[in-house]
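# Structural overview for review
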Amino acid sequence: MTTIRELSNHVDETVTLKGWIYNSRSGKGLHFLEVRDGSGLCQCVVSEADVTEKVFEDAGALTQESSLEVTGKVVKDDRSVGGYELHVSDLKVVQIAEDYPITPKDHGVEFLMNNRHLWLRSQRQWAAMQIRNTIQFSIHQFFQNEGFIQMDAPVFTGNAAEGTTTLFETDYFEEKAYLTQSGQLYAEAMAMAHGKVYTFGPTFRAEKSKTRRHLTEFWMIEPEMAYYDLDMNMELAEQMLKFIVKSVLDKHQTELEILERDTTYLKNAVENRFKVISYTDAVEQLKSEETANMLDQMEEDRKKERTELKEEKTTIEKEKGSAKKWRKAQIDQRIKEIHTRLDQIEEDLRNIPVWKKSAAEFEWGRDFGGSDETILTMQYDTPVMVHRYPAEVKAFYMKRDPENEKLALALDILAPEGYGEIVGGSQREDEIDLLKERIAEHDLPEEAFDWYLDLRKFGSVPHSGYGLGLERTVAWICGLDHVRETIPFPRMLGRLRP
Ligand code: 4AD
Ligand code: MG
């Protein structure tokens, strides 16, 4: 058995592929089978002249997602998906699939989500999962190369690390336990034993909001380093993201093309230093005339584009009446594209006034909302590292800025193109008395943090870390507009199955 990915090593040889029918069509004396095998997609041409009558008949009866073994000669063909074709000599049907529910026509998202177990076979979903895997692997590579060890934090915990409003409570033998929101506190303990560690595990938040950025179960990577200050933390996070993005660009041109991902921003993230800005400067930027003007300009551009697209649509619709069959299909395709773009434009036009208001009225001390992050990142062509947030909007464990008590030594990294926060981190409070004060201020029970406070009693050192949200990172790198497509089986408000 050969895989489609390896076909380039087998040109002019006869090989056998084992896979499924992705799509098929028939012409005179020919069947064209688009076969996928998990590693890629390959067109297999069955010619009546080259095979037995039975094989030709079987090939014609193959429905979408039927499974098969197919043997033939590998031929280089630049017009073909993947660059190679199989000229079939033999074929064995494994199973005929009847009425596969996901057809090449358009389906609504709810329908696709209900059929997630099958939707995963579609090209775009396949490409996203391939990239997710590379992102995961490259994260391990990066940290292992840098001398970190991976640690596994518990999933059942007695502590709230990231606020008490998003805890999933479970019954732990008549005791209350929570599903972990973050492995950080445990990573801090391990960092005092090993210097540099990272967690890579599932985390849970009872997020009641239905947004394109929120899951209730998501994967987080949390490095924690002894003797690191905020600057060192920021440098590490930037190098890590560069490494991840570069790994994807190096390995996944085909997948990025399937996703129709414009890679300009990804290349920028690898090649250029990230924009670094303090929270306070970011607020100023948000409220500036420059931002207001940018949004006005954007509104104007969108309106102009809308007019142009509508004109184009009218023109080609007129042409369609008398067009040839192939041209009609082309026109239908273009009209579909125009509708998609028009929907986006309408959404932007609804959003822009909201963004404008939110930006202009933003007050120092608040946390950034999704729209504020969108506006901020629109103004730079790399990810944006925002540091030193007001302590009040951040977690209890963050160290205050020695130069300004109101600020926490915090760091968020915002991904460009409207993706927003993918990393949240900080330098940690290392003085026991201050930490106790913070725990009280946040109304957290001190008993639950006994062991955590021990870390400040026995050889406390400056230390820092951050959390990278895997699904948001996948969404950004793949250019997906919702995190539900970044994980095989997403869990979010209203979605527990399949
Ligand atoms: O900013 P957060 O809440 O930070 C922490 O949990 C810290 N303990 C991390 C640390 O310093 N070790 O979460 C970190 C990242 C966010 O930037 C975001 O990418 C992701 O986790 N995240 C979510 N992703 C999907 N769905 C959600 N509901 C998420 N909440 C956070
Ligand atoms: Mg955060």
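Residues numbered from 1 in each chain as written. Chains lettered and ligands numbered in written order. Predicted model: local features only at pLDDT ≥ 70, side-chain atom pairs only at ≥ 80, totals over all residues. Heavy atoms only, no water.

### A closer look at the overall build of the protein chain
The test is simple: Here a helix means four or more residues in a row that DSSP labels H or I, a strand means two or more in a row labelled E, and each is numbered from the N terminus. Throughout this description, buried means an accessible area under 20% of the type-specific maximum (1.4 Å probe, protein chains only), exposed means over 50%, and partly exposed covers the range between. Residues count as neighbours in contact if any of their non-hydrogen atoms are within 4.5 Å of one another. Accessible surface is estimated by sampling points in the Shrake-Rupley manner with a 1.4 Å probe; for residues, cover comes only from the protein chains shown. Lys and Arg are tallied as positive, Asp and Glu as negative. Neither His nor the chain termini are counted. Positions of charges follow a simple convention, taking NZ of Lys, CZ of Arg, CG of Asp or CD of Glu.
Looking only at helices and strands, one finds 15 helices and 17 strands in the protein chain. Classification of the 498 residues of the protein chain by burial places 49% in the buried group. For the protein chain, the share of sequence-separated contacts (at least 6 apart) that also reach a separation of at least 24 residues comes to 68%. When the accessible surface of the protein chain is totalled, it reaches about 24600 Å², and 49% of it is carbon and sulfur. If the 64 positive side-chain charges of the protein chain are averaged to one point and the 89 negative ones to another, these points end up 5 Å apart.

### Quick look at the pairing of strand E9 (residues 175–179)
In plain terms, the rule: At least two DSSP bridges between two strands are required for those strands to pair.
Strand direction decides the pairing type here: strand E7 (residues 156–157) and E9, joined by two bridges, are antiparallel. Each residue of the ladder has a partner; that of threonine 157, found in E9, is tyrosine 178. The antiparallel hairpin formed by strand E8 (residues 169–172) and E9 contains two residues in its connecting segment, where phenylalanine 173 sits at a positive phi of about 50°.

### Focus: the domain arrangement of the protein chain
Put simply, the rule is: Domain ranges listed in this record stem from an automatic or a database domain assignment. Accessible-area loss on putting two parts together, using a 1.4 Å probe and summing over both, is the definition of buried area adopted here. Salt bridge criterion: a side-chain nitrogen from Lys or Arg within 4 Å of a carboxyl oxygen from Asp or Glu.
Taken domain by domain, the protein chain consists of domain 1 (4–95), domain 2 (116–282 + 362–485) and domain 3 (291–356). In this structure, domain 1 and domain 2 have C-alpha centres spaced 45 Å apart. Summed over both partners, the interface of domain 1 with domain 2 comes to about 550 Å²; 45% of that surface belongs to carbon and sulfur atoms. Connecting domain 1 to domain 2 are one salt bridge. The closest approach of N and O atoms between arginine 121 and glutamate 65, which form a salt bridge, is 2.9 Å.

### Brief notes about empty space enclosed by the protein
Cut-off, in case you're wondering: Here a cavity denotes a set of grid points, spaced 1 Å apart and computed over the protein atoms alone, in which a 1.4 Å probe fits but from which it cannot get out, and a pocket denotes an open set meeting protein on both sides within 12 Å along at least five of seven lines; residues with an atom within 4 Å of a point are reported as lining. Grid points are joined across faces, edges and corners, and a volume is the space filled by probe spheres set on the points. All amino acids are sorted into three groups, where Ala, Val, Leu, Ile, Met, Phe, Trp, Tyr, Cys and Pro are nonpolar, Asp, Glu, Lys and Arg are charged, and the leftover types, Gly among them, are polar.
Summed over the entire model, instances satisfying the criterion amount to three cavities of 30 Å³ or more. In this structure, the largest cavity spans a volume of roughly 60 Å³. What lines the largest cavity is Arg212, Arg213, Tyr419, Arg472, Ala475, Leu480, Asp481, His482 and Val483. A class-by-class count of the residues in the lining of the largest cavity yields four nonpolar, one polar and four charged. Estimated volume of the second largest cavity: approximately 50 Å³. Around the second largest cavity sit Thr157, Asn159, Ala161, Thr180, Gln181, Ser182, Leu185 and Tyr186, which together line it. Across the lining of the second largest cavity, the residue classes tally to three nonpolar, five polar and no charged.

### Observations concerning the site of ligand 1
Going by this rule: For each residue, the test is whether any non-hydrogen atom lies within 4 Å of the molecule or strand; if one does, the residue is near. Here a polar contact is taken to be a pair of N or O atoms separated by no more than 3.5 Å, where protein atoms must pair a possible hydrogen donor with a possible acceptor and residues adjacent in sequence count only if both atoms sit in side chains. A molecule is said to be in a cavity or pocket once over half of its atoms fall within 2 Å of that pocket's grid points.
Not every one of the 23 residues close to ligand 1 is listed here, only the nearest: Glu162, Gln184, Arg205, Glu222 and Glu421. Contact between ligand 1 and arginine 213: a nitrogen atom at 3.4 Å from a main-chain N or O atom of the residue. The separation between a nitrogen atom of ligand 1 and a polar main-chain atom of tyrosine 466 is 3.4 Å. A total of 630 Å² of accessible area belongs to ligand 1 in isolation, and the protein chains cover 94% of it. A majority-of-atoms criterion places ligand 1 in the second largest pocket. At the level of elements, strand E11 (217–226), strand E16 (420–427) and strand E17 (463–469) are the ones that each hand at least two residues to the shell around ligand 1.

### Quick look at the nonpolar core
The cut-off we apply is this: Residue types Ala, Val, Leu, Ile, Met, Phe, Trp, Tyr and Cys, when buried and joined through side-chain atoms within 4.5 Å, form a set referred to as a nonpolar core.
Judged by nonpolar contacts, the single largest core of 59 residues is most densely connected at Ile135, Ile139, Phe143, Trp476 and Ile477. Ranked by residue count, the leading element in this core is helix H6 (residues 230–251), at 10 residues. Once residues lying within four places of it in the same chain are set aside, the contact partners of phenylalanine 143 are Phe148, Tyr198, Ile221, Pro223, Leu236, Met240 and Tyr466. Counting residues in each nonpolar core, the second largest holds 39 residues, with Leu376, Ala391, Ile432 and Leu455 among its members.

### Focus on the side chain of glutamine 181
Residue placement: glutamine 181 occurs in the loop between E9 and helix H5 (184–194). Taking the relative accessible area as the measure of exposure, glutamine 181 reaches 2% and is therefore buried.

### What about the packing of aromatic side chains?
Threshold: Each Phe, Tyr or Trp ring, with Trp reduced to its six-membered ring, pairs with another whose centre is within 6.5 Å; inter-plane angles below 30 degrees give stacked pairs, above 60 give edge-to-face pairs, and intermediate values give tilted ones.
Following the criterion strictly, the structure yields 18 aromatic pairs and no others. Aromatic side chains phenylalanine 142 and phenylalanine 243 sit 5.7 Å apart centroid to centroid with 50° between the ring planes, which places their arrangement in the tilted category. One end of the pair, phenylalanine 142, is in helix H4 (residues 123–145); the other, phenylalanine 243, is in helix H6, and 101 residues separate them in sequence. Judged by relative accessible area, which is 5%, phenylalanine 142 ranks as buried. Relative to tyrosine 198, the ring of phenylalanine 143 lies with its centre 4.9 Å away and its plane at 25°, an arrangement referred to as stacked. One end of the pair, phenylalanine 143, is in helix H4; the other, tyrosine 198, is in strand E10 (residues 196–204), and 55 residues separate them in sequence. Neither residue differs from the other here; phenylalanine 143 and tyrosine 198 are each classed as buried.

### Examining the pairing of E11
Counting buried residues in E11 gives eight out of 10 residues, a clear majority hidden from the surface. Bridge count for E10 against E11 is nine bridges, and the pairing is antiparallel. The residue of E11 that forms the bridge with threonine 199 is glutamate 222. Judged from the five bridges that link them, E11 and E17 form a sheet pairing that is antiparallel. Considered in E17, the bridge of isoleucine 221 is made with leucine 468.

### Here's the deal with helix H12 (residues 370–378)
Of all the positions in H12, only Asp372, Glu373, Thr374, Ile375, Leu376 and Thr377 are classed as buried. Taken together, the buried residues of H12 touch helix H9 (279–287), helix H10 (289–320), helix H11 (325–360), strand E13 (384–390), strand E15 (404–415) and E16.

### Some words on the layout of surface pockets
In this structure, the second largest pocket encloses a volume near 1100 Å³. Lining the second largest pocket are 47 residues, with Glu162, Arg205, Glu207, Lys394 and Glu421 sitting closest to its centre. Looking at the lining of the second largest pocket, the elements that each hand over two or more residues are E11, H12, E15, E16, E17 and helix H15 (470–478). Partitioning the lining of the second largest pocket into residue classes produces 18 nonpolar, 15 polar and 14 charged.

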